Amino acid sequence: MNRLLTASEHLMWLSYNTSPRNVTLSATIKGSFTIDSLTEALAWLQLRHSRLIVKIVINNQNQPQFSLENVPPIPLRVIERQGEEYWCWEMEKELRHPLNWSEEPLLRILLLHSPDVSNLIITFHHCIGDGLSGAYLIQDILQFIGEPDSPRELLPDLPSVDEIIPNVTKIGLKKI
């Protein structure tokens, strides 16, 4: 998916550069699992969802574009869980901490880990998704961890949001 950002993606990127605001969601996981299983889930997630293997680079014409070149694995940070409300503090930090959009995938993961209960916090750029798509990512991660032998399907590349949602000027709304 080496392509220029669409108009709405470009607008989100410009807005992000002025005032970084991430899409951040959290899930509480009861029960034990290994960090290795989460790492495997994230590797599979990058294969399943094509927007998770891109970063944004500035091309020769000074235009931002998605790039597949030299994109590392999804960053995973693991820290010890500090109690029931600790995830709120960490999630607030994640909301405000900018993504390294020119060097890494447009998604990162924080795991507040303990043997019995863990908090998974996903943070991503609005150029690649919204709250609903984040919920689907969490679902995919939890399914991979909880059902390691279940069949794995890759998803086709989705069109850009500009192609999915019609332009208001094109749908012929009457002026009031």
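What you are looking at is a predicted structure, and each value in this text was computed from that prediction instead of being measured.

1. Quick look at the sheet that holds strand S2 (residues 23–30)
Part 1 of the reasoning: Taken together, the four strands give an open sheet; going across it, the order is S2-S7-S6-S5, and neighbouring strands pair in mixed fashion. Looking at strand neighbours, the two that pair on one side only are S2 and strand S5 (76–80), the edges of this open sheet. Pairs of neighbouring strands in the sheet enclose a mean axial angle of 15°, with direction left out of account.
Part 2 of the reasoning: Bridge analysis of strand S6 (residues 107–113) against strand S7 (residues 117–124) gives six bridges, and the strand direction is antiparallel. Note on S7: the bridge partner recorded for Leu 112 is Asn 119.
Part 3 of the reasoning: Helix H4 (residues 131–146) contacts S2, S6 and S7 of the sheet and is inclined by roughly 30° relative to S2.

2. Some points on helix H1 (residues 7–18)
Part 1 of the reasoning: Over its 12 residues, H1 runs 17 Å from end to end, which matches the ideal 16 Å to within 8%, given 1.5 Å per residue.
Part 2 of the reasoning: The complete set of buried residues in H1 reads Glu 9, Trp 13 and Tyr 16. Mapping the buried residues of H1 onto a view down its axis gives an arc of 60°, with all of them on the same face. H1 presents Ala 7, Leu 11 and Thr 18 as exposed residues on the side facing more than 90 degrees away from its buried surface.

3. Some points on the nonpolar core
Part 1 of the reasoning: Judged by nonpolar contacts, the single largest core of 34 residues is most densely connected at Leu 107, Ile 122 and Ile 141.
Part 2 of the reasoning: Only H1, S2, helix H2 (35–48), S6, S7 and H4 provide two or more residues apiece to this core.
Part 3 of the reasoning: Non-local contacts of Leu 107, meaning those with residues more than four positions away in its chain, are made with Leu 45, Leu 52, Ile 74, Pro 75, Leu 99, Ile 122, Thr 123, Phe 124 and Leu 137.

4. Focus on the packing of aromatic side chains
In this description, an aromatic ring pair is defined by two values, namely the gap between the centres and the angle between the planes.
Part 1 of the reasoning: Enumeration over the complete set of coordinates arrives at three aromatic pairs.
Part 2 of the reasoning: When the ring of Trp 13 is compared with that of Trp 101, the centres are 5.3 Å apart and the planes differ by 80°; the resulting orientation is edge-to-face. Here Trp 13, found in helix H1, pairs with Trp 101, found in the loop between helix H3 (86–96) and S6; they are 88 residues apart in sequence, far enough to count as distant.
Part 3 of the reasoning: A relative accessible area of 9% places Trp 13 in the buried class.

5. Some words on the packing of H2 against H4
Part 1 of the reasoning: In the contact formed by H2 and H4, the axes pass within 9 Å of each other and the chain directions differ by 130°. Taken together, the axes of H2 and H4 are oblique relative to one another. Viewed along their axes, H2 and H4 form a crossing whose handedness is right-handed. Contacts between H2 and H4 involve Ser 37, Leu 38, Glu 40, Ala 41, Leu 42, Trp 44, Leu 45 and Arg 48 from the former and Leu 137, Asp 140, Ile 141, Phe 144 and Ile 145 from the latter.
Part 2 of the reasoning: The class makeup of the residues in the contact of H2 with H4 is nine nonpolar, one polar and three charged.

6. Here's the deal with the sheet that holds strand S3 (residues 55–58)
Part 1 of the reasoning: Spatial strand order, S1-S4-S3: three strands in an open sheet with antiparallel pairing. This sheet does not close on itself; its edge strands, each paired only once, are strand S1 (3–4) and S3.
Part 2 of the reasoning: The pairing of S1 with strand S4 (residues 64–67) spans two bridges and is antiparallel. Its bridge partner lying in S4, Arg 3 is registered against Phe 66.
Part 3 of the reasoning: Taken strand by strand, H1 contacts S1, S3 and S4, and its axis lies near 105° from that of S4.

7. Thoughts on the pattern of salt bridges
Part 1 of the reasoning: Counted by the stated rule, this structure contains eight salt bridges.
Part 2 of the reasoning: As a salt-bridge pair, Asp 140 and Arg 48 come within 2.9 Å of each other at their nearest N and O atoms. Placement of Asp 140 in helix H4 and of Arg 48 in helix H2 is noted, with a sequence separation of 92 residues between them.
Part 3 of the reasoning: The exposure class of Asp 140 is buried, given its relative accessible area of 5%.
Part 4 of the reasoning: Since its relative accessible area comes to 15%, Arg 48 is described here as buried.
Part 5 of the reasoning: Because the salt bridges share partners, they merge into one network encompassing Arg 77, Glu 90, Lys 93, Glu 94 and Arg 108.

Calculation criteria
- Residues numbered from 1 in each chain as written.
- Predicted model: local features only at pLDDT ≥ 70, side-chain atom pairs only at ≥ 80, totals over all residues.
- Heavy atoms only, no water.
- Pairing = 2+ DSSP bridges.
- Helix = DSSP H or I, 4+ residues; strand = E, 2+ residues; numbered from the N terminus.
- Axes fitted to C-alpha atoms, helices over the stretch in contact; angles between N-to-C directions.
- Contact = heavy atoms within 4.5 Å.
- Expected span 1.5 Å × (residues − 1).
- Buried < 20%, exposed > 50% of the residue type's maximum accessible area, 1.4 Å probe, protein only.
- Arc of directions from axis to C-beta.
- Core = buried A, V, L, I, M, F, W, Y, C linked by side-chain atoms within 4.5 Å.
- Phe/Tyr/Trp six-rings, centres within 6.5 Å; stacked < 30°, edge-to-face > 60°.
- Parallel < 35°, antiparallel > 145°, perpendicular 65-115°, else oblique.
- Left-handed = near helix turned anticlockwise from the far one by under 90°.
- Nonpolar A, V, L, I, M, F, W, Y, C, P; charged D, E, K, R; others polar.
- Salt bridge = Lys/Arg side-chain N within 4 Å of Asp/Glu carboxyl O.

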